[in-house]
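The lines below spell out each chain.
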Amino acid sequence: MQFDTREHEWSDVNVILAGRLVTGIRGVSYTSSQEKEALYGKGNKPHAMQRGNKSYSGSIRLLQSELEALERAAGGDALDATFNVVVAYGSPLQGAKFSTDLLKGCEITEIPKGLNQNDKFMEIELPVVMLDVIRDYK
């Protein structure tokens, strides 16, 4: 039996945001979390673990031109848009299998902008919240 131990690199990542392949993406990250609390009864050790709500958040780092394209697609204000993001890991040139995650129902929570002296481009990190992260999406 042979195992593929090759790791994905940035050039293997494709991101489709609001139905469009984004070439000016500089980074993407996302987190799934769930509230958890130990349930105590008699004694000083927990009896069980109780689970609460799940939540999903992340960030998308884009070049300024990509944010402008997203704003045009949203009709003016990207803060008003709801969109899906598909993140595909894998290189067809390497014959690697793709692993794809769907970030469902994303919304941007703020749009920070700024430039410093001698900057060559504007990179914007957009914090996002989402309804669900579907791993290994087919």
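Refer to the structure printed above.
The rules behind the values
Residues numbered from 1 in each chain as written. Predicted model: local features only at pLDDT ≥ 70, side-chain atom pairs only at ≥ 80, totals over all residues. Heavy atoms only, no water. Buried < 20%, exposed > 50% of the residue type's maximum accessible area, 1.4 Å probe, protein only. Helix = DSSP H or I, 4+ residues; strand = E, 2+ residues; numbered from the N terminus. Pairing = 2+ DSSP bridges. Salt bridge = Lys/Arg side-chain N within 4 Å of Asp/Glu carboxyl O.

A. Just the pairing of strand β6 (residues 99-108), in detail. Of all the ten residues making up β6, seven are buried; the element is thus mostly covered by neighbouring parts of the structure. Across six bridges, strand β5 (residues 83-89) lies against β6 in antiparallel orientation. Paired with Val 85 across the strands is Leu 103, a residue of β6. As paired elements, β6 and strand β8 (residues 132-134) share three bridges and run antiparallel to each other. Bridge pairing links Lys 104 to Asp 132 in β8.

B. Looking closely at the pattern of salt bridges. All told, the structure shown has five salt bridges when counted by the stated rule. A salt bridge links Arg 20 to Glu 66, with the shortest nitrogen-to-oxygen separation between them at 2.7 Å. Here Arg 20, found in strand β2 (residues 20-21), pairs with Glu 66, found in helix α1 (residues 64-73); they are 46 residues apart in sequence, far enough to count as distant. Here Glu 66 falls in the buried class, since its relative accessible area comes to 6%. When the shortest N-O distance is used, the salt bridge between Arg 135 and Asp 101 registers 3.7 Å. Taken together, the positions of Arg 135 in the segment after β8 and Asp 101 in strand β6 put the pair 34 residues apart, joining distant regions of the chain. Residue classification places Asp 101 among the buried positions, given a relative accessible area of 8%. One network of salt bridges, in which partners are shared, links Arg 26, Arg 61 and Glu 123.

C. Spotlight on the environment of Asp 119. For Asp 119, the location among the structural elements is in the loop between β6 and β7 (123-130). Overall, Asp 119 belongs to the partly exposed group, its relative accessible area being 39%. Distance in space between the C-alpha atoms of Asp 119 and Asp 101 is 33 Å, their sequence separation being 18 residues.

D. Representation of unusual backbone geometry. Of note in the backbone geometry, Ala 18 takes a positive phi value of approximately 55° without being a glycine. Note on placement: Ala 18 falls in the loop between β1 (13-17) and β2. Using a relative accessible area of 45% as the deciding quantity, one classes Ala 18 as partly exposed. If you check the backbone angles, Asn 118 has positive phi at about 75° while not being a glycine.

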